[in-house]
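The chain contents come next:
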Amino acid sequence: MPTFAMKLNFQIVIFKKERIIMKKYVCDLCGWEYDPEVGVPEQGIEPGTAFEDLPEDFECPLCGVGKDQFSPED
C-alpha cells in the first residue's frame, strides 16, 4: 500500500482595527471645510470618504470652485 506524505503550511493573519485619521481640507476661496468623517451627503459623498477619493469634478458646496482650490487644514 502506498504511503502519502503531505506538508501543510498554515499562516495565521491577525488584523488590527486601526483608526485612520483623514485630513480635513479647506476651500481657499470661501473657507468651507471638507470633513471626511462627515462627507457631503447632499452631494452623494458618504462619510468616511477621503478628500483624495472625491470625484475629480467635486465642487465646493458654497462657492463652486474645484478640488484644486482646497488646501489641507493645518
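The structure contained in this document is the topic of the report that follows. This one's a predicted model, so the numbers in the text were calculated from it and none came from an experiment.

Brief notes about the state of the cysteines
And then number 1: Using the criterion set out here, one finds 0 disulfides in the structure.
And then number 2: Free of any disulfide, Cys60 has its nearest neighbouring cysteine sulfur in Cys30, separated by 3.6 Å.
And then number 3: Residue classification places Cys60 among the buried residues on the basis of a relative accessible area of 4%.

As for the pattern of salt bridges
And then number 1: If you walk through the whole model with that rule in mind, you get 3 salt bridges.
And then number 2: Asp35 is the salt-bridge partner of Lys24, the closest N and O atoms lying 3.8 Å from each other. Of the two residues, Lys24 sits in the segment before strand 1 (25–27) while Asp35 sits in the loop between strand 2 (33–34) and strand 3 (70–72), which places them 11 residues apart along the sequence.
And then number 3: Given the relative accessible area of 29%, Lys24 is considered partly exposed.
And then number 4: On the accessibility criterion, Asp35 (18% relative accessible area) is buried.
And then number 5: Between Glu56 and Lys67 there is a salt bridge whose closest N-O contact spans 3.8 Å. Of the two residues, Glu56 sits in the loop between strand 2 and strand 3 while Lys67 sits in the loop between strand 2 and strand 3, which places them 11 residues apart along the sequence.
And then number 6: Of the residues examined, Glu56 reaches a relative accessible area of 70% and is grouped as exposed.
And then number 7: Here the residues in one salt-bridge network are Lys24, Glu33 and Asp35, joined through shared partners.

Reading the values: the criteria
Residues numbered from 1 in each chain as written. Predicted model: local features only at pLDDT ≥ 70, side-chain atom pairs only at ≥ 80, totals over all residues. Heavy atoms only, no water. Disulfide = S-S within 2.5 Å. Buried < 20%, exposed > 50% of the residue type's maximum accessible area, 1.4 Å probe, protein only. Salt bridge = Lys/Arg side-chain N within 4 Å of Asp/Glu carboxyl O. Helix = DSSP H or I, 4+ residues; strand = E, 2+ residues; numbered from the N terminus.

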